[in-house]
Amino acid sequence: MLTEGLVVVHECLGEADQMLRRLVLSGPIAKTAKAGQFVAVQVQDSSISSFDPLLRRPISLAEVSPDQNEITLLYRIQGRGTEILARARCGERLSVMGPLGNGFSLPEVGELWLVAGGIGIFPLYALAQSALAQGLSVRLFWGGENQSFLRSAGLNDWQALGIPIHLCTLDGTLGDKGFVTEQLQGRLFQSFQLFGQTKLINIENQANNAQHSISEQITVATCGPKKMMQVVTELCMNFAVPVQVSLEERMGCAVGACLGCVCTLVDETGTLIHKKVCQDGPVFRGEEVVW
Ligand code: FAD
């Protein structure tokens, strides 16, 4: 679980947003990692002390390439830890713990809808790749601040997948102006009408065992700001569509020992329970999260 990754690519993700970085690491994690899992990267300011900062920084797996033995991390420089990480050069070795946590579960059939807000897009690319490899249809809903953010954060790579993409920006410079949840709501409503009709036709044909309700056709996976994921969950619950959410909490140890990332959930009996985002998540069923 504790291993080293050799930096093979470390670059600015896009010219417009200089804070976004793409880090490709070569190492054994690629053999076992799964979409939705993350790694805890040691970041150290060697000019001060080899233990400063003490805590590793959690970063999701944006791409997993077992054949090339590589993982890709996409991150935004936020504060001291990621600033130090951004100084890593090609050929350097980083101490990486992982793969950590429980990732997304793919449905066996149907469509996977991905809903991303801002840099919440990063862990969803690996998921899209696994889903497409499994023969699922994938559709993306992605909202960001403006056109240059979406382009910097990898829009071209998503377009190269050849999947339907619904974009929106807060300033209207690309896609619809507004929130990604509005696009999701519209599309859920359309699909509800479509699958509702399929169900009716099947009932008329007495082919009850071939009924397809919307919940059997669509699975949603989402990552982004907490408020957005809450709205996505509520919409999905209204349409009885299963939804998986990737939660983000500030983490201490990242392996379940320090209880720094505990979140509140509700179990099947309605009882409030606590789970660790690092070990039990970061991916949970939307309906079990207490927002
Ligand atoms: P700090 O100095 O620690 O903080 C700077 C600012 O960032 C502060 O305002 C702080 O409140 C905020 N911040 C720090 N940590 C978090 C957090 N976990 N959630 C929200 N805000 C935070 N970031 C990416 O860019 N790409 C990823 O793929 C990614 N995946 C993640 C997966 C998981 C499971 C988790 C828990 C976090 C992930 N993050 C990701 C967030 C990333 O870990 C933080 O941005 C990073 O740890 C910040 O460290 P820092 O020392 O640079 O900033």
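Note that the structure is a prediction, hence the values are computed from the model and not measured.

The 7 strands lie next to each other as 4-3-7-1-2-6-5, forming an open sheet whose pairing is antiparallel. Each end of this open sheet is capped by a strand with a single partner; those strands are strand 4 (57-60) and strand 5 (63-65). Each strand axis lies, on average, 35° off the axis of its neighbour in the sheet, ignoring direction. Two elements, strand 2 (residues 20-26) and strand 6 (residues 70-76), share 7 bridges in a ladder whose sense is antiparallel. Bridge pairing links R22 to L74 in strand 6.

To continue, consider helix 7 (residues 226-238). Taking 1.5 Å of rise per residue, the 13 residues of helix 7 would be expected to cover 18 Å, and the 18 Å separating its terminal C-alpha atoms lies within 8% of that figure. Listed as buried for helix 7 are M228, M229, Q230, V232, T233, L235 and C236. Following helix 7 by one or two positions, A240 has its phi on the positive side, about 55°.

Structurally, the chain comprises domain 1 (2-100), domain 2 (111-246) and domain 3 (249-291). Once you take the C-alpha centre of each, domain 1 and domain 3 turn out to be 24 Å apart. With 7 residues of domain 1 at the interface, the matching set in domain 3 holds 8 residues. Summed over both sides, the interface of domain 1 with domain 3 buries roughly 570 Å², with 74% coming from carbon and sulfur. Taken together, the connections running from domain 1 to domain 3 amount to 0 salt bridges. Viewed at the interface, domain 3 and domain 1 are joined by 0 residue pairs in polar contact (both at pLDDT 80 or more). Of all the elements in the fold, those that place two or more residues in the side of domain 1 that touches domain 3 are strand 3 (38-41) and strand 7 (93-100). Partitioning the side of domain 1 that touches domain 3 into residue classes produces 6 nonpolar, 1 polar and no charged.

Moving on: the packing of aromatic side chains. In the structure shown here, the tally under the stated rule is 4 aromatic pairs. Measuring from ring centre to ring centre gives 5.7 Å for F192 and F239, while their planes differ by 70°; the resulting arrangement is edge-to-face. Of this pair, F192 sits in helix 5 (residues 180-204) while F239 sits in the loop between helix 7 and strand 13 (243-246), placing them 47 residues apart in sequence. With relative accessibility at 42%, the residue F192 sits in the partly exposed group. Overall, F239 belongs to the buried group, its relative accessible area being 13%.

Attention shifts here to the site of the ligand. Taken together, the neighbourhood of the ligand is formed by 19 residues, with P58, G81, T82, E248 and R250 sitting nearest. Between R57 and the ligand, the recorded distance is 2.7 Å, taken from a side-chain N or O atom to an oxygen atom. Note that a nitrogen atom of the ligand is positioned 2.7 Å from one of the side-chain N or O atoms of E248. Burial of the ligand by the surrounding chains reaches 78%, relative to a free accessible area of 870 Å². Of all the secondary-structure elements, those providing two or more residues to the shell around the ligand are strand 4, strand 6 and helix 1 (80-85). If one sorts the elements of the shell around the ligand by residue count, strand 4 sits on top with 4 residues. Of the residues contributing to the shell around the ligand, the split by class is 8 nonpolar, 5 polar and 6 charged. Each of domain 1 (2-100) and domain 3 (249-291) gives at least three residues to the shell around the ligand.

Before going further, it helps to spend a moment on the side chain of Q37. As for its position among the elements, Q37 is in the loop between strand 2 and strand 3. Q37 sits in the buried class, given a relative accessible area of 11%. For Q37, the side chain forms a polar contact with the main-chain oxygen of G101, separated by 2.9 Å.

Criteria and thresholds
Residues numbered from 1 in each chain as written. Predicted model: local features only at pLDDT ≥ 70, side-chain atom pairs only at ≥ 80, totals over all residues. Heavy atoms only, no water. Pairing = 2+ DSSP bridges. Helix = DSSP H or I, 4+ residues; strand = E, 2+ residues; numbered from the N terminus. Axes fitted to C-alpha atoms, helices over the stretch in contact; angles between N-to-C directions. Expected span 1.5 Å × (residues − 1). Buried < 20%, exposed > 50% of the residue type's maximum accessible area, 1.4 Å probe, protein only. Domains from an automatic or database assignment. Contact = heavy atoms within 4.5 Å. Buried area = accessible area lost by both parts, 1.4 Å probe. Salt bridge = Lys/Arg side-chain N within 4 Å of Asp/Glu carboxyl O. Polar contact = N/O pair within 3.5 Å; in protein donor to acceptor, adjacent residues only side chain to side chain. Nonpolar A, V, L, I, M, F, W, Y, C, P; charged D, E, K, R; others polar. Phe/Tyr/Trp six-rings, centres within 6.5 Å; stacked < 30°, edge-to-face > 60°. Near = heavy atom within 4 Å. Areas by Shrake-Rupley, 256 points an atom, 1.4 Å probe, with all protein chains shown as cover.

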